[in-house]
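If you want the building blocks of each chain, they are given just below.
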Amino acid sequence: MDKTEKSTDQQKLANHNGDQVVSPNNKVIERAIVKDWDREIQKGEDIEKYWAMEAEQLDWFKKWDEVLDESEKPYYKWFVGGKINLAYNAIDRWIKTEKRNKIAILYTNERGDEIKLTYYELYREINKMANALLNLGIKKGDTVSMYLPMCPELVISMLACTKIGAVHSAIYSGLSSVAVVERINDIKSKVVITADGTYRRGKIINLKSVIDEAMLQCPTVQTVVLVNHTGRYNDVADLRGNEIFYERLIEGEGDSCYNEVMDAEDPLFILYTSGSTGKPKGVLHTTGGYMVGIATTLRNVFDIHDNDLWWSTGDAGWITGHSYTIYAPLLLGSTTLIYEGAPDFPDPGVWWKIVEKYGVTKFYTAPTAIRHLMRFGKKYTKLYNLDSLKILGSVGEPINYEAWKWMYEEIGKCRTPIMDTWWQTETGMHMIAPMPVADLKPGSATKPLPGVNIAIVDEEGAEVKKGKKGYLVITKPWPSMFRSLYNDEERFEEVYWNHFPDGYYKTGDMARMDEDGYIWIEGRSDDVLKIAGHRVGAVEVESAFNSHPSVNETAVIGKEDPVKGQLIKAFLILNNGYDLDLPFKDGSNTMLREELKRHVRHSLGPVAVLGEMVSVDSLPKTKSGKIMRRILKAKEAGEDLGDTSTLDDL
Ligand code: ATP
Ligand code: MG
């Protein structure tokens, strides 16, 4: 038997939802921009034709001569010869239309503060900052690092960079000074933009002190720009020689500025991956194709209309924040809500309160946040009116059925489809995702988007049969693909391109396709357990645990066993009132430990050989909320933990 094969029974049970299909209601279909999902996918069969058509929605200074240049694989080029500017397309072009006074960004935070900036106001702020950066000596191609919370100045600074052709690199504001030093020195930034602090769970986290420490080891940085976000600094005397307040910096700057004419292939930004599987990678994105990819996918997947209020909770320190919290909504002329703070402070109703207050229509978040909020039950989602919501979305990890169901029932009140979007920092845009008119299967990201080509292959790169698990690869280039790892072409080729046949991009994830062509992401290939000759994805086992009422969240790893190869070791966050060594329910003789063993075996079949179960209060996660199984594995084996720069230790 093929090692990747599983029995039909196991397969059916692996998703814990049988064959459930959730269809959109008439209202969703009536509103939808894309009415025929299959036809839209067909349109993408000729990738060059499809993406060239989508590129027409942007304003190009000069159209491309060639859509795709594959002559130097894997260094693909899109829209060769095209000239364009991101800030111009995201902001300037709307100023000339009726959108001029529309709100572009709506900032709010856990304290309930609010700042609204119209397109015209944002335009002027960006121009002032762009002029200020030019005065600091920043030129096209120079790198600027940012260590900022989700605040208007972050959006302004990113767009100011793109306006003048500077390459920005946002560093998540929860990372330590060691991580900051690495990321700044890697790209040799001349300017760093930071803030005094950020609001988190009722406290102000000091960001400036992290930068102070980092600056001792960042010789290329000439200027530190400080946003006095929480009002901690009152006096210029508090600053050092090379530091300047943001307000001071832009004071007196003109509120108009030219747009650098960028080549479609000019670098746009560098962003580091989440570090779930190892040392974070400095992903380089370029200009034209990236813009085309993100604008198209946001419009199609979330059905963006002019009157939408879009809220993506993704922080700009990660790719979701770049592509979908900031850039794509502005490229579509939409209003984007940016939120600073925790999802559960001052209470776990804070997000729902915001949805009600502003009438959010589209809401995009991560399974980790949903699983966290589920712990507080239904109380908070019931307190607020969530009727404005039309579409929900999920990104970052596979969403287990219980979390999906909670989102669907408690947040969307069974009215709003959930767009489960699979993609990566490297892909820049959604790759596998439905559209609102699609029939959904909870837990599946459904099908590749139009113009995206995916295959599931074995070790040798041959396609596996439907229903079989294999390596998820992307078989054709796509416009918003990353162009390299910054300064590390060797790693770029080695990690992504050398493993499979020519032109196949290795995603690092495992998946299978069902009879209807729906794709089920089974987690990362690094996290696959090998039990008695069978390969079982960590995610499958975790989902089985999570489907038990006593379990909130699980991480599993393989524990070496001389007979079976590996046994499953499960780290469990139990719901309130449960204990592994107490009876599962009142009056029962069965301890929860035994009950869970039975439950998981029932779900996955005899392959699920449970070695050990431990109850824990928290799981090691990246700062972006993904479970870091490699940390658990290293601890178990008594090995060095490896790169922990993105480990969330809060
Ligand atoms: P690193 O590459 O440094 O290990 P990372 O892969 O977590 O970190 P990201 O680019 O932020 O960095 O995440 C992309 C990965 O997240 C995907 O490869 C996949 O494993 C997971 N992922 C994202 N969205 C989904 C989704 N909707 N369903 C399943 N998995 C997802
Ligand atoms: Mg990755």
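Remember, predicted model here, so these are calculated numbers, not experimental data.

Moving on, we come to a negative patch on the surface. Taken together, the side chains of Asp 46, Glu 48, Glu 66 and Glu 70 present a region of like negative charge at the surface. On the basis of relative accessible area, Asp 46 is assigned to the partly exposed category, the value being 43%.

Moving on, we come to helix α12 (residues 319-331). Of all the 13 residues making up α12, 13 are buried; the element is thus mostly covered by neighbouring parts of the structure. A positive backbone phi angle near 70° is found at Gly 333, which sits one or two residues after α12.

Bringing the sheet that holds strand β24 (residues 505-513) into the picture now. Judged by pairing direction, the sheet is antiparallel, and its four strands sit side by side in the order β21-β22-β24-β25 without closing on themselves. Of all the strands in the sheet, just β21 (454-457) and β25 (519-524) have a single pairing partner and so form its edges. Geometrically, the sheet is characterised by an average inter-axis angle of 45° between neighbouring strands, direction not taken into account. Looking at chain direction, β21 and strand β22 (residues 469-474) are connected through four bridges and run antiparallel. Looking at the pairing, Ile 456 lines up with Leu 472 of β22.

Scanning the entire structure with this criterion turns up 47 salt bridges. With a shortest N-O distance of 2.9 Å, Asp 92 and Lys 163 are connected by a salt bridge. Here the residue Asp 92 occupies a position in helix α5 (residues 86-95), and Lys 163 occupies one in helix α7 (residues 152-164), the gap between them amounting to 71 residues. Summarising the burial analysis for this pair, Asp 92 and Lys 163 share the class buried. Taken together, the shared-partner salt bridges connect Arg 371, Arg 375, Glu 397, Glu 553 and Lys 621 into one network.

Once that is clear, we can look at helix α18 (residues 538-546). Burial analysis of α18 places nine of its nine residues in the buried class, which makes it a mostly covered element. Looking at α18, one finds that the buried residues are Ala 538, Val 539, Glu 540, Val 541, Glu 542, Ser 543, Ala 544, Phe 545 and Asn 546.

This paragraph deals with the environment of Ile 418. Tracing the chain through its elements places Ile 418 in strand β20 (residues 418-421). Measuring from C-alpha to C-alpha, the distance between Ile 418 and Lys 390 comes to 9.5 Å, with 28 residues separating the pair along the chain. Sequence-distant contacts of Ile 418, that is, excluding residues within four places in its chain, are made with Leu 392, Trp 404, Met 407, Tyr 408, Pro 434 and Leu 440.

The next thing to look at is the sheet that holds strand β4 (residues 103-109). Taken in spatial order, the seven strands make up an open sheet running β5-β4-β17-β16-β18-β19-β20, and their pairing is mixed. Edge positions in the sheet fall to β5 (114-118) and β20, since each of these pairs with one other strand and no more. If you compare each strand with its neighbour and ignore which way they point, the axes differ by 20° on average. Pairing analysis gives three bridges linking strand β16 (residues 309-312) to strand β18 (residues 362-365), with the strands arranged parallel. Looking at β18, one finds that Trp 310 is bridged to Lys 362.

Turning next to the confidence of the model for the protein. Note: predicted coordinates in regions of low pLDDT should not be interpreted at a detailed level. Confidence in the prediction of the protein, expressed as mean pLDDT, is 93, and 97% of residues score 70 or more. Mean pLDDT values for the elements of the protein range from 35 in helix α1 (residues 8-14) up to 99 in strand β3 (residues 83-84). Below pLDDT 50 for its whole length, residues 1-16 participates in 33 contacts with residues either more than four positions away or in separate chains. Across the interfaces of the predicted complex, the ipTM metric reaches 0.99, alongside a pTM of 0.94.

Let us now look at the site of ligand 1. Neighbouring ligand 1 are 20 residues; Thr 273, Gly 275, Ser 276, Thr 277 and Thr 425 lie closest to it. Here Gly 275 contributes a backbone N or O atom positioned 2.7 Å from an oxygen atom of ligand 1. Burial of ligand 1 by the surrounding chains reaches 95%, relative to a free accessible area of 640 Å². Its residues placed into classes, the shell around ligand 1 shows four nonpolar, nine polar and seven charged.

Once that is clear, we can look at the pairing of β25. Burial analysis of β25 places five of its six residues in the buried class, which makes it a mostly covered element. Between β24 and β25, which pair antiparallel and follow one another directly, the connecting turn spans five residues, one of which, Gly 517, has a positive phi of 85°.

Right, let's get into the nonpolar core. Phe 79, Leu 159, Leu 330 and Trp 352 are the most contacted members of the largest nonpolar core, which totals 168 residues. Setting aside anything within four residues of it in sequence, one finds Trp 352 in contact with Phe 363, Leu 373, Tyr 380, Thr 381, Tyr 384, Leu 386, Trp 406 and Ile 411. Grouped together as the second largest cluster of nonpolar side chains are 25 residues, Ala 538, Leu 572, Leu 596 and Met 613 included.

Time to look at the side chain of Thr 554. Within the secondary structure, Thr 554 sits in strand β28 (residues 551-561). One polar contact links Thr 554 to Asn 546, side chain to side chain, over a distance of 2.7 Å. Residues within four places of Thr 554 in sequence aside, it is in contact with Glu 542, Phe 545, Asn 546, Ala 570, Phe 571, Leu 572, Leu 619 and Ile 627.

Once that is clear, we can look at unusual backbone geometry. Along the chain, Lys 73 connects to Pro 74 via a cis peptide bond; the corresponding omega equals -5°. Cis geometry marks the peptide bond from Phe 345 to Pro 346, where omega comes out at 0°. Locating Pro 346 in the fold gives a position in the loop between β17 (335-340) and α13 (350-358). Phi angles above zero are rare outside glycine, and Lys 188 is one such case at about 55°. On the secondary structure map, Lys 188 appears in the loop between α8 (177-187) and β8 (191-195). Its identity is not glycine, yet Asp 303 carries a phi of approximately 50°, on the positive side. Following the sequence through the fold, Asp 303 ends up in the loop between α11 (288-302) and β16.

Parameters and conventions
Within every chain, residues take consecutive numbers counted from 1 along the sequence as written. Chains carry letters from A onward and ligands carry numbers from 1 onward, assigned in written order. Note on the predicted model: pLDDT of at least 70 is required for a residue's local features to be given, and 80 or more for side-chain atom pairs to be given and counted; whole-chain, interface and lining totals, by contrast, use all residues. The side-chain numbers reported here are obtained from all heavy atoms of the structure, hydrogens and water having been left aside. A patch consists of residues whose relative accessible area exceeds 30% and which take part in no salt bridge; residues with like charges are grouped when within 9 Å of each other, and nonpolar side chains (Val, Leu, Ile, Met, Phe, Trp, Tyr) when within 5 Å. Computed with the Shrake-Rupley method and a 1.4 Å probe, the accessible areas treat only the protein chains shown as cover for residues. Salt bridges are defined as contacts in which a side-chain nitrogen from Lys or Arg sits within 4 Å of a carboxyl oxygen from Asp or Glu. The positive count covers Lys and Arg only, the negative count covers Asp and Glu only, and His and the chain ends enter neither. By convention, the charge on Lys lies at NZ, on Arg at CZ, on Asp at CG and on Glu at CD. Partly exposed describes any residue whose relative accessible area lies between the buried limit of under 20% and the exposed limit of over 50%, with all areas from a 1.4 Å probe on protein chains only and scaled to the type maximum. Secondary structure follows DSSP: runs of H or I at least 4 residues long count as helices, runs of E at least 2 residues long count as strands, and numbering of each begins at the N terminus. Strands qualify as paired when DSSP identifies two bridges or more between them. Axes here refer to lines fitted to C-alpha atoms; in helices the fit is confined to the stretch in contact. Angles between the N-to-C directions go from 0 to 180 degrees. Whether two residues are in contact is decided by their heavy atoms, any of which lying within 4.5 Å being enough. Residue-level confidence of the predictor is summarised by pLDDT, bounded by 0 at the bottom and 100 at the top. Distances are taken per atom, and a residue is near a molecule or strand as soon as one of its heavy atoms is within 4 Å of it. By the criterion applied in these results, polar contacts are pairs of N or O atoms within 3.5 Å in which, for protein atoms, one can donate a hydrogen and the other can accept it, and in which residues neighboring in sequence qualify only through two side-chain atoms. Residues are grouped as follows: nonpolar covers Ala, Val, Leu, Ile, Met, Phe, Trp, Tyr, Cys and Pro; charged covers Asp, Glu, Lys and Arg; every other residue, Gly included, is treated as polar. Joining through side-chain atoms within 4.5 Å is the link that ties buried Ala, Val, Leu, Ile, Met, Phe, Trp, Tyr and Cys residues into a set, and such a set is a nonpolar core.

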